[in-house]
Amino acid sequence: MPPKESSNTRSDRKKLIDGLNEDLSREYQAIIAYVVYSQVLKGAQYMSIASELEKHALEELRHAILVAKQIDYLGGSPAVTPKPVKTSEDPKAMLKFDLENETETIRNYRERVRQCEALEEYAMAEVIRDILVQEQEHQIDLATALGIDVPNSSAPRRAMAG
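These figures come from a predicted structure and were not determined experimentally.

Engineer: Any chance you could explain empty space enclosed by the protein here in plain terms?
Structural biologist: Here the idea is plain: a probe the size of a water molecule rolls over the atoms and shows the empty space left. Enumeration over the complete set of coordinates arrives at one cavity of 30 Å³ or more. By volume, the largest cavity amounts to about 50 Å³. Taken together, Arg26, Gln29, Ala30, Tyr34, Asp98, Asn101, Glu102 and Thr105 make up the lining of the largest cavity. Elements that contribute at least two residues to the lining of the largest cavity include exactly α1 (7–40) and α3 (91–118).

What follows is the structure, encoded as structure tokens:
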């Protein structure tokens with residue numbers, strides 16, 4: 001018989017499920033954004049990145065499936081709603097939206113790895129790490145397309161008082 005789960009462990013698993021569902025909603029958002037942006041970016045200077053965004057969309061779909069599997073494994077129900085997708089007529093604004101989303105995604109997945117390891121879910125932590133590698137590649141692609149430095153994903157995002 002498996003050892004009885006403590007209330008702290010149950011609470012931590014619930015937090016992990018909730019966090020993964022937020023990540024899943026962000027993956028859905030990324031799929032939609034990359035599909036749309038890859039088709040509406042116009043101009044010779046954007047043809048290369050538009051093609052790359054199509055690849056990103058497929059990778060984000062794979063991430064969504066992997067995250068949903070982890071949620072199911074933990075006994076949760078995968079989210080079905082994407083986070084809102086920002087759009088713009090300005091190609092640079094679209095790429096900046098994507099870059100902001102990737103940077104936030106990287107922060108969140110790093111936290112998910114810490115949560116998995118605290119729960120001794122090492123295999124799940126490895127799945128998340130593999131996703132992180134691709135998310136960081138996306139971040140680099142977007143920063144390069146914008147001609148800017150890759151944003152720092154280490155510091156947690158501060159909530160603005162208001």
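Engineer: Looking at this structure, I do not really get the environment of Arg10. What am I missing?
Structural biologist: Relative to the helices and strands, Arg10 resides in helix α1. In this structure, the C-alpha to C-alpha distance between Arg10 and Leu66, residues 56 residues apart in sequence, is 22 Å.

Engineer: Just checking my understanding: could you explain α3 for this structure?
Structural biologist: In an α-helix there are 3.6 residues to a turn, and that puts residues three or four apart on one side. If you check α3, its first and last C-alpha atoms are 41 Å apart, about what 28 residues at 1.5 Å a residue would give, namely 40 Å. Immediately downstream of α3, the backbone of Glu120 shows phi near 60°, a positive value.

Engineer: Could you clarify how one ought to interpret the nonpolar core in this entry?
Structural biologist: The tendency in soluble globular proteins is for nonpolar side chains to be buried as a group. Among the nonpolar cores identified, the biggest contains 22 residues, and Leu16, Leu20, Leu24 and Val67 are the most heavily contacted of them. Contributing elements (two or more residues each) for this core: α1, α2 (47–73), α3 and α4 (122–146). Non-local contacts of Val67, meaning those with residues more than four positions away in its chain, are made with Leu20, Leu24, Tyr109 and Ile131. Leu41, Ile49, Phe97 and Ala143 belong to the second-largest nonpolar core, a separate cluster that totals 18 residues.

Engineer: Help me understand the side chain of His138, please; the structure alone is not making it clear to me.
Structural biologist: Examined against the element boundaries, His138 turns out to sit in helix α4. Engagement of the side chain of His138 in a polar contact is seen with the side chain of Glu60, the distance being 2.9 Å.

Cut-offs applied
Residues numbered from 1 in each chain as written. Predicted model: local features only at pLDDT ≥ 70, side-chain atom pairs only at ≥ 80, totals over all residues. Heavy atoms only, no water. 1 Å grid on protein atoms, 1.4 Å probe; cavity = no way out; pocket = protein on both sides within 12 Å on 5 of 7 lines; lining within 4 Å. Points joined across faces, edges and corners; volume = space filled by probe spheres on them. Helix = DSSP H or I, 4+ residues; strand = E, 2+ residues; numbered from the N terminus. Expected span 1.5 Å × (residues − 1). Core = buried A, V, L, I, M, F, W, Y, C linked by side-chain atoms within 4.5 Å. Buried < 20%, exposed > 50% of the residue type's maximum accessible area, 1.4 Å probe, protein only. Contact = heavy atoms within 4.5 Å. Polar contact = N/O pair within 3.5 Å; in protein donor to acceptor, adjacent residues only side chain to side chain.

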